[in-house]
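This is what each chain is made of:
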Amino acid sequence: MIDFELEPQVLNQLKMYHMVSEQMMRPISRECDEHEHQKPTQFYESMWSASAAASNIQIGDDKSKKPDPSKPSAPRRANLLTVLSTEELCWGDAGLYLSTPNSGLGGAAVMAAGTPEQKERFLKRFKEGKPKWGAMAITEPGFGSDSSAVTTTATRDGDNWVIDGTKIFVTAGQMSAEKSEGFVVVWATVDKSAGRAGIKPFVVEHNTPGMTVTRVENKLGIRASDTAMIVLDNCRIPLDHILGSAEVRKEGGFKDVMATFDATRPIVAAMALGVGRAALDFVRDFLKQQNVAIRYGMSPRRLSAVERDFMEMEVQLQAARLLTWRAAWMLDTGKRNSLEASMAKAKAGLAVTAITQKAVELLGPLGYSRKILLEKWMRDAKINDIFEGTQQINMIIIARRILNYSSKELN
């Protein structure tokens, strides 16, 4: 049975995240948006210290740990807690959330494809020392959402892998590769003739010779977060930096990519929820100041256009939230959630785009101005409909799952 009832300590944690959003993110939100590549180092330091005190803020769950039979079993909620905290922090600022030092998408790939020893070796750094970032590099200039089209190669040479290729749109790529003691998980093929089965993830440590950040993007939204192009040219890494096995098996390779997305797509959906809720809360407060009441329980025929629009925004946000919570809950309970993760991602991307656009529309010229953050949230929102698999790609995945078609039959 699905149970979303939250314990008091979890509710207290969410209050703390909301306070972080209000007191640490919102005050610097506009400045970070106006100065895209400027680094809010004080914010990084504060969030790094806070994450050490709240170790449950992580992506994914370590399924390698066996439960202690002497202790009563508690519900596994790591992924549900992650999406809850993500919504709360993105209510503050989605770009700053993405720029927060942590293992990020690189950590998600390690959790999805790494051995227990690799998880310990590569992720323990995020609990000690100075702020660090992790990133995942999969998209290339020759493809976007079709992750099976990876052309970056990893060739074994004695005790090393040699990686060659170009990766684009790497979230936190600069901070992970050059500005901290982090790492980048690079997806590359060890055997092009094997197709999808030959795709493997590799951990490339910061400042490894042959890995270069060649460009940091100027973006429409989430401008506090760096998005980088990374070139790998004769980049040599140790043999044991391949995550999991080097053996090319039909059931491996690309499925590790999809397992990573199953964990990260609910998080991206939660990001959208945070931005959408920020816009909705602002409109609610604005309408209250204008003495415009939202009359719940009335016949739709008697509602004003503003009331109908506002209620529709609430409905869309809540529907996306329930899909997101279900996808995270399934991951926590060990259920396969590929369908539900894509449903949450597709719905949340559409919902936040519609909600923020309608919010700007309802406030008219004020909503379009830079005096308030609504126009920024509208810009921040759109990326949720694009990255981590576009809305169209996720709709295809949903159709395949529901209709039981293969990727060859429906693409």
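Read on for a plain summary of the structure. Every chain begins its residue count from 1, and numbering advances along the sequence as written. The predicted nature of this model means local features are confined to residues of pLDDT at least 70 and side-chain atom pairs, given and counted, to a pLDDT of 80 or more, with totals for whole chains, interfaces and linings taken over all residues. Only hydrogens and water are set aside; all other atoms, that is, all heavy atoms of the structure, feed into the side-chain values.

### A few points about the pattern of salt bridges
Throughout this description, the term salt bridge denotes a Lys or Arg side-chain nitrogen within 4 Å of a carboxyl oxygen of Asp or Glu. Applying the stated rule across the entire model yields 28 salt bridges. D309 serves as the salt-bridge partner of K358, at 3.6 Å between the closest nitrogen and oxygen. Taken together, the positions of K358 in helix α10 (residues 338-363) and D309 in helix α9 (residues 305-332) put the pair 49 residues apart, joining distant regions of the chain. Among the ionic contacts, a cluster of salt bridges with common partners joins R30, D33, E34, E36, K219, R223, R370, E375 and R379. Only runs of H or I of at least four residues qualify as helices and only runs of E of at least two qualify as strands under DSSP, and these elements are numbered from the N terminus.

### Brief notes about the nonpolar core
L84, L89, Y97, M271, V283, L374 and W377 are the most contacted members of the largest nonpolar core, which totals 65 residues. When sequence neighbours within four positions are dropped, the list of residues in contact with L374 reads A279, F282, A359, V360, L363 and G367. Nonpolar core, defined: a set of buried Ala, Val, Leu, Ile, Met, Phe, Trp, Tyr and Cys residues in which side-chain atoms within 4.5 Å join the residues together. Throughout this description, buried means an accessible area under 20% of the type-specific maximum (1.4 Å probe, protein chains only), exposed means over 50%, and partly exposed covers the range between. Working rule for contacts: check all heavy atoms of both residues, and any pair within 4.5 Å makes them a contact.

### Considering the environment of F261
Structurally, F261 is set in helix α8 (residues 254-289). For F261, a relative accessible area of 6% translates into the label buried. Along the primary structure F261 and S342 are separated by 81 residues, whereas in three dimensions their C-alpha atoms are 8.8 Å apart.

### Here's the deal with the side chain of K119
One can find K119 in helix α6 (residues 116-123). Each polar contact in these results corresponds to two N or O atoms within 3.5 Å; when the atoms are within protein, one needs to be able to donate a hydrogen and the other to accept it, and residues that are neighboring in sequence are counted only if both atoms are side-chain atoms. Side-chain polar atoms of K119 contact the backbone oxygen of M111, separated by 3.5 Å.

### Description of the packing of α10 against helix α13 (residues 391-403)
Whenever a helix is involved, its axis is fitted only over the stretch in contact; in every case the axis is a line through C-alpha atoms, and angles between N-to-C directions fall within 0 to 180 degrees. Running from N to C, α10 and α13 point in directions that differ by 145°, and their axes come no closer than 9 Å. Between α10 and α13 lies a crossing of left-handed hand. Contacts from S338, L339, S342, M343, K345, A346 and L350 of α10 reach α13 at Q391, N394, M395, I397, I398, R401 and I402. The nonpolar class holds Ala, Val, Leu, Ile, Met, Phe, Trp, Tyr, Cys and Pro. Asp, Glu, Lys and Arg form the charged class, and all remaining residues, Gly among them, are polar. When the residues that make up the contact of α10 with α13 are grouped by side-chain class, the tally is 8 nonpolar, 4 polar and 2 charged. Crossing handedness is defined as follows: a turn of the near helix away from the far one that is anticlockwise and smaller than a right angle gives a left-handed crossing, while the clockwise case is right-handed.

### Comments concerning helix α3 (residues 78-92)
One fewer than the residue count of a helix, multiplied by 1.5 Å, yields its expected span. With 15 residues, α3 extends 21 Å from end C-alpha to end C-alpha; this agrees with the ideal 21 Å at 1.5 Å per step. Taking burial as the measure, the 15 residues of α3 include 15 buried ones, the bulk of the element.

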